[in-house]
Amino acid sequence: MTDVLIAGAGLIGASIAWRLSQAGIRVTMCDAGSFGGECSSAGAGMLSPGGEFDKPSVWIDLAVEGMRMYPAFVDELARESGVAIDFQLTGCHHFVEPDVARRRAEFQASKGIRVELTDRGLFYHDDGFVDPTDMLRALRRVSRAELRENCALTEIEASDHRAVVIAAGAWSNRLRVKYRGTPVALPEVKPVKGHLAGFQMQPGSLGPMLRRGHSYVLQRSNGFLIAGATEEDAGFERAVSESTCAEIQRHAAELFPALEKATPCRRWIGFRPFSPDGPHIRQVEGTNVWLAYGHFRNGILLAPLTSHRVAREIAR
Ligand code: GLY
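Residues numbered from 1 in each chain as written. Predicted model: local features only at pLDDT ≥ 70, side-chain atom pairs only at ≥ 80, totals over all residues. Heavy atoms only, no water.

### As for the environment of Asp 54
Consideration 1: The residue Asp 54 is located in the loop between α3 (49-52) and α4 (58-81) in this model.
Consideration 2: For the pair Asp 54 and Arg 103, spaced 49 residues apart in the sequence, the C-alpha separation amounts to 8.6 Å.
Consideration 3: Once residues within four sequence positions are removed from consideration, Asp 54 is found in contact with Arg 104, Phe 107 and Gln 108.
Consideration 4: Only 3.2 Å separates the side chain of Asp 54 from the side chain of Lys 55, close enough to count as a polar contact.
Consideration 5: Within polar-contact distance, the side chain of Asp 54 engages the side chain of Arg 104 at 3.2 Å. (Helix = DSSP H or I, 4+ residues; strand = E, 2+ residues; numbered from the N terminus. Contact = heavy atoms within 4.5 Å. Polar contact = N/O pair within 3.5 Å; in protein donor to acceptor, adjacent residues only side chain to side chain.)

In structure tokens form, the structure reads like this:
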């Protein structure tokens with residue numbers, strides 16, 4: 001019997017594994033595919049409470065708290081792993097109509113977001129991005145978990161472990177989990193496919209992130225520029241559509257005209273885990289099962305917060 005079994009070796013599962021191992025707890029992490037092989041490595045890495053949330057909900061509170069934790073999390077992870085992590089608080093220009101901008105700014109400022117009205121909408125001073133592949137590389141070094149890849153867990157008896165964490169993204173509720181022989185109901189989750197396109201450009205050509213609706217562009221330090229992203233209800237359909245990426249590029253070029261004539265060097269998709277009442281970051285009552293999924297568009301943003309909360313509760 002291992003101490004803690006984590007189902008899902010993405011950014012969230014690996015962050016929890018790291019925090020648990022810091023508390024001296026032995027962890028096994030199982031993934032049906034490869035370490036970080038799905039949504040975690042597909043994400044652009046946009047960290048954007050301002051761009052994402054403009055209404056009262058649990059999301060904005062989590063996002064603001066999660067964003068505050070980010071610099072220290074990245075700093076500690078980079079130091080402990082020795083892996084350089086591309087993390088930049090570039091700020092984000094959000095292009096919206098003036099009346100929408102005023103309403104958004106008023107509400108977001110009341111939530112602690114540093115937001116400014118501009119002639120084209122809003123500027124969020126503290127938004128930024130992280131390269132999730134750097135984070136994954138670092139977490140792989142420091143998590144000290146026994147990692148089992150290509151290990152599809154179909155049935156889990158949670159009482160065989162000190163705790164079980166469900167962190168399998170859009171696949172989470174396919175697992176059959178029991179506690180002392182009784183099935184544990186896992187909240188619904190489904191994939192929302194996103195297409196993205198990447199362009200190799202001169203480093204430093206973009207500056208702050210740019211966004212209109214769900215169209216956005218950000219540029220990593222090495223010049224790689226990412227334009228995103230669609231939201232598609234297409235199940236786990238993995239096809240990458242050139243015409244969808246062309247559409248993303250067209251919208252992105254309205255934000256950043258240098259993209260008009262650029263040729264993507266990469267096109268890809270990911271499956272965001274959407275849960276109608278997510279995100280789920282909690283213990284299932286009366287069991288030793290923790291949920292850490294349903295983060296939808298903000299799994300990368302919420303990984304530090306989720307890992308902190310779940311690991312703290314398990315280690316208690
Ligand atoms: N976080 C941005 C997206 O899901 O496209």
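### Considering the environment of Thr 154
Consideration 1: Looking at where Thr 154 falls in the secondary structure, it is placed in the loop between β9 (146-148) and β10 (155-157).
Consideration 2: Residues Thr 154 and Arg 174, spaced 20 residues apart in sequence, show a C-alpha to C-alpha distance of 7.8 Å.
Consideration 3: Residues within four places of Thr 154 in sequence aside, it is in contact with Leu 175 and Arg 176.

### Notes on helix α1 (residues 11-22)
Consideration 1: For α1, with 12 residues, the first-to-last C-alpha span of 16 Å sits near the 16 Å given by 1.5 Å per residue.
Consideration 2: Across the 12 residues that make up α1, a large majority, 11, are buried.
Consideration 3: Those residues of α1 lying buried are Leu 11, Ile 12, Gly 13, Ala 14, Ser 15, Ile 16, Ala 17, Trp 18, Arg 19, Leu 20 and Ser 21.
Consideration 4: Backbone geometry just downstream of α1 places Gly 24 in the positive-phi region, at approximately 80°. (Expected span 1.5 Å × (residues − 1). Buried < 20%, exposed > 50% of the residue type's maximum accessible area, 1.4 Å probe, protein only.)

### Some details on the side chain of His 295
Consideration 1: Within the fold, His 295 resides in the loop between β20 (289-293) and α8 (299-315).
Consideration 2: Owing to a relative accessible area of 2%, His 295 belongs among the buried residues under this scheme.
Consideration 3: Once residues within four sequence positions are removed from consideration, His 295 is found in contact with Ile 12, Trp 59, Pro 273, Pro 279, His 280, Ile 281, Leu 302 and Thr 306.

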